[in-house]
Structure formats: C-alpha cells, structure tokens
Amino acid sequence: MKKFLLTASAATIALAGAVGAAAARDQIRVVGSSTVFPFTTAVAERFGQSGAFQTPVVESTGTGGGMKLFCAGVGESHPDFTNASRPIKDSELETCKANGVTPVEIKVGFDGIVLSNSKAAKQIDLTKEQIFAALAKNVEVDGKVVANPHTNWSDIDAGLPNTKIEVLGPPPTSGTRDAFVELVMEEACPEAIEAADGCTEIREDGAYVEAGENDNLIVQKLEANPDAFGIFGFSFLDQNADKLQGSTIGGVAPTFDAIADGEYGVSRSLFVYAKKEHVGAIPGMAEFIKEYTSDTAWGPEGYLADKGLIPLPDDARAKQAEDAQALKGMGS
C-alpha cells in the first residue's frame, strides 16, 4: 500500500496530517448521485480494463449525501470524486472550502427527468401545472390555500385517468428531487402558494412515496403496479424502454433528441466533482479525468451516449475537458 502523500499546499499537507498516517489506499473512490452512477461506473470499468490502475469504487449515495462526504475533508478516508445531478450548492461549496477541499467541476452532459409508468397502462400527457396539483403539499382552491385534496388524477382534470395518484420519487437527499422541484414545482407554482412560501413542499399523505436512491427498485414497483408513476432520470427510462414509458410533458416526449435540443422542458445538467487536493496523491485521478472527458467516453458516439447520457455541444465539451484536465478548481 502506498503512503497518502499530498503535494498541493502546506495547508493541504496539514490536513492530511490531521487525518493521520493510517493505511493508504491506491484505488479511486467515487460517491454521489444515483443518476450519474451508471455513467461513472461505465467510465470506471473502462478505466480499470486499461490495466494501468485499479478499477475505481463507485457508490450511489445521492447527490446530497455525496456532497456531504466529499466536502468533509482531505485524506484517504474521504472520497476523491462525487457525482451530482445538480450544481454544487453555495452552502456545500462553503463547507468544502472550510475543510480545505477544492472541487474541480466537470459538467459531463444532460439528462431529462421523466414521469414514467408501466407500458401496461396508458401513456398520458401532463402539464407542469397538473403535476404540481398532484404532488404539492398545498394547492389553491377557489382562491384559498388548502391541503392538497386531490386523490385521483381525474380530480385534477377529467381527461386524466380515474386512478389513485401514486408517484414513487426520490428522497430529499437526491439531486433528482432538487432538480424536479426547481424545474417543475417552482415553475408551475401558483402565486398564492408562492406567497405562502410553499412551492417546494411535496405532499406527505401517501400520494408521493419516497423510494430511496435505488432507481432499479422503482422500475420493479412500476411493473407491479401499472397505476403508479415513478420519477427518475431519462437514462433509466432508456435502459428499461421495454417495460416503461415516459409521460409527455406539454406534448413533448422525453427522447434523446428532445432533451439535447432543449424541447423537452424538464431537463438538467449532470456533474462530476474532483477533489483537487487528491490529484497526485491517489493514483490515477488525472488519468480518470482524462478518460471521462475523452470523446470515446462522453462524445456523441461515445460509450456513455449508449447508456443514455445526452452529450454537451462540441464547444462546451472541449472547454469542460480543457478546464478539468487543467484542474481548474472552483474559486481558484
């Protein structure tokens, strides 16, 4: 085993000393978003197959959980990368800085958030306002803010199915949930609810079921219950297209092309953050970044596109690769 030696700065070395001279590791560790997990896992497997370094360990902890682990400090007990399905929050960046961590932000591509159900049921078209009416904790009825009274989808609109509202979705630690709230709930929030500061509140009466960070488990539950819907990233829908279908939002289906050109209105960027202080200390970090930002991986014909990642435009991809490989840290 190799000693964990840091070379970045005196402050960094001091932090490394603070975590002690315990046994070092020579295998990259990645935590974070369940949505980004399959993409980073694919890169890790390719990286390991090269034979130059061990295959990185990738864990699905959710974006919020990953950020907490990533920003906690420098040293071999802390992860080297974290996946994120939303940008790092100001509060998380402050925590990173306070603990001597300099994140290197890499925007790796786009993803769409889908509301999906079993192919055994009818595909439906929804507006963001109808989704808000189904999932918000409080809604506006006759000018008054009341606890959400909608039990069935048809309570919202007679044209929707007369079936119980049951949506399996990510927990509060998930970046997918953060993005869903921002892109759907906040955009469709009525003025009265906004005035009551309730746009981000999801109902807790059983209509919305927190389903953890295991998207595969949601897929299984949707197959078992054709009346239920699930919220997750486009890549999971793409990988389970034989079983599931995405609801259209405002008449637009969640497809690779519709997300890439911005026509599908519930899409977001995906990120990986590298810990600058660990480069040169944990073997293979610079090479892992180079693999992730290669056209072979994230390009339009790359192996990540086959897994559902929507590539960035060519010029944006080139800039991201240049900054990442130069270890351009946030705030540096």
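Each chain carries its own residue numbering, running from 1 in the written order of its sequence. Predicted model: local features are reported for residues with pLDDT of at least 70 only, side-chain atom pairs are reported and counted for 80 or more only, and whole-chain, interface and lining totals are derived from all residues. With hydrogens and water set aside, each side-chain value is computed from the structure's full complement of heavy atoms.

A. Structural context of the nonpolar core. Definition used in this section: a nonpolar core is a set of buried Ala, Val, Leu, Ile, Met, Phe, Trp, Tyr and Cys residues joined via side-chain atoms within 4.5 Å. Each residue's exposure class comes from its accessible area (1.4 Å probe, protein chains only) as a fraction of the maximum for that residue type: buried when under 20%, exposed when over 50%, partly exposed otherwise. Counting residues in hydrophobic clusters, the biggest one holds 48 residues, and the most contacted among them are Leu-135, Trp-153, Val-167 and Met-185. Here a helix means four or more residues in a row that DSSP labels H or I, a strand means two or more in a row labelled E, and each is numbered from the N terminus. Listed by contribution, the elements that provide at least two residues to this core are β4 (103–118), α5 (128–135), β8 (167–169), α6 (175–185), α8 (215–224), β10 (229–233), α9 (234–239) and α10 (256–260). Sort the elements by how many residues they give to this core and α6 lands first, with six residues. With residues near it in sequence (within four places) discarded, Leu-135 still touches Asn-148, Ile-165, Val-167, Phe-180, Met-185, Glu-201, Ile-202, Arg-203, Tyr-208 and Ile-231. Residues Ile-28, Val-30, Ala-274 and Leu-327 belong to the second largest nonpolar core, which totals 30 residues. Residue contacts follow a heavy-atom distance rule, with two residues in contact if any of their heavy atoms lie within 4.5 Å.

B. Up close: the side chain of Ser-174. Here Ser-174 lies in the loop between β8 and α6. Under this definition, polar contacts are N or O atom pairs within 3.5 Å; protein pairs additionally need one hydrogen-donor-capable and one acceptor-capable atom, and for neighbouring residues in sequence, both atoms have to be side-chain atoms. Within the structure, Ser-174 has its side chain in polar contact with the backbone nitrogen of Thr-176 (distance 3.0 Å).

C. How the structure looks around empty space enclosed by the protein. Think of a 1 Å grid over just the protein atoms. A cavity is a set of points where a 1.4 Å probe fits yet cannot get out, a pocket is an open set with protein on both sides within 12 Å along at least five of seven lines, and lining residues have an atom within 4 Å of a point. Grid points are joined across faces, edges and corners, and a volume is the space filled by probe spheres set on the points. Counting across every chain of the model gives one cavity of 30 Å³ or more. As a volume, the largest cavity reaches approximately 30 Å³. The wall of the largest cavity is formed by Ile-113, Val-114, Leu-115, Ile-131, Phe-180, Val-184, Ile-249 and Val-266. For the lining of the largest cavity, the secondary structure elements donating two or more residues are β4 and α6. In terms of residue count, the dominant contributor to the lining of the largest cavity is β4 (three residues). Put simply, Ala, Val, Leu, Ile, Met, Phe, Trp, Tyr, Cys and Pro go in the nonpolar bin, Asp, Glu, Lys and Arg in the charged bin, and everything else, Gly too, in the polar bin. Of the residues belonging to the lining of the largest cavity, the class tally is eight nonpolar, no polar and no charged.

D. Up close: the confidence of the model for the protein chain. Predicted confidence across the protein chain gives a mean pLDDT of 90, with 92% of residues reaching 70 or more. Throughout residues 1–23 the model reports pLDDT below 50, and contacts reaching past four residues in sequence, or to other chains, amount to 34 contacts. Per-residue confidence from the predictor is reported as pLDDT, a score between 0 and 100.

E. Region of the structure containing the state of the cysteines. Note on terminology: pairs of cysteine sulfur atoms within 2.5 Å are recorded as disulfides. Taken as a whole and judged by the stated rule, the model has two disulfides. The disulfide bridge from Cys-71 ends at Cys-96, spanning 2.1 Å between sulfur atoms. Judged by the torsion about the S-S bond (-70 degrees), the Cys-71/Cys-96 disulfide is left-handed. Of this pair, Cys-71 sits in the loop between α3 (63–70) and β3 (81–84) while Cys-96 sits in helix α4 (residues 90–98), placing them 25 residues apart in sequence. Overall, the relative accessible area of 1% leaves Cys-71 in the buried class. A disulfide bridge connects Cys-189 with Cys-199, and the sulfur atoms are separated by 2.0 Å. Judged by the sign of its S-S torsion, about -80 degrees, the bond between Cys-189 and Cys-199 is left-handed. Placement of the pair is Cys-189 in the loop between α6 and α7 (191–195) and Cys-199 in the loop between α7 and β9 (208–210), with a sequence separation of 10 residues. Under the relative-accessibility criterion, Cys-199 is labelled buried at 11%. Indicated for the protein chain is the disulfide connectivity 1-2, 3-4, based on numbering the bonded cysteines in sequence order.

F. Up close: the packing of helix α2 (residues 37–49) against helix α11 (residues 285–292). Contact geometry of α2 with α11 gives a least axis separation of 10 Å together with a crossing angle of 115 degrees. Taken as a pair, α2 and α11 cross one another with a handedness that is right-handed. Side by side, α2 and α11 meet where Phe-39, Thr-40, Val-43, Ala-44, Arg-46 and Phe-47 of the first sit next to Glu-287, Phe-288, Glu-291 and Tyr-292 of the second. Residue composition of the contact of α2 with α11, by class: six nonpolar, one polar and three charged. Axis definition: a line fitted to C-alpha atoms, limited for helices to the stretch in contact. Angles are taken between N-to-C directions and run from 0 to 180 degrees. Should the near helix be turned anticlockwise from the far one by less than a right angle, the crossing is termed left-handed; should it be turned clockwise, right-handed.

G. Representation of the environment of Ala-44 in the model. Structurally, Ala-44 is set in helix α2. Taking the C-alpha atoms as reference points, Ala-44 and Val-279, separated by 235 residues in sequence, lie 16 Å from one another. Excluding residues within four positions of it along the chain, Ala-44 makes contact with Thr-55, Pro-56, Val-58 and Phe-288.

H. Layout of α3. Of all the residues in α3, the buried ones are Thr-63, Gly-66, Met-67 and Phe-70. Seen end-on, α3 carries its buried residues on one side only, within an arc spanning 100 degrees. Throughout, the arc means that of the directions going from the helix axis to the C-beta atoms.

I. Layout of a negative patch on the surface. On the surface, Glu-140, Asp-142, Glu-182, Glu-186, Glu-191, Glu-194, Asp-197, Glu-201 and Glu-204 cluster together to form a negatively charged patch. Positionally, Asp-142 belongs in the loop between β6 (138–141) and β7 (144–147). Exposure above 30% relative accessible area and the lack of any salt bridge qualify a residue for a patch; like charges then connect within 9 Å, and the nonpolar side chains Val, Leu, Ile, Met, Phe, Trp and Tyr within 5 Å. Methods summary: accessible areas were calculated by the Shrake-Rupley approach with a probe of 1.4 Å, and residue burial reflects only the protein chains presented. A pair is scored as a salt bridge if a Lys or Arg side-chain nitrogen falls within 4 Å of a carboxyl oxygen belonging to Asp or Glu. For the charge count, each Lys or Arg is scored as positive and each Asp or Glu as negative, with His and the chain ends excluded. Charged side chains are reduced to one point each, which is NZ for Lys, CZ for Arg, CG for Asp and CD for Glu.

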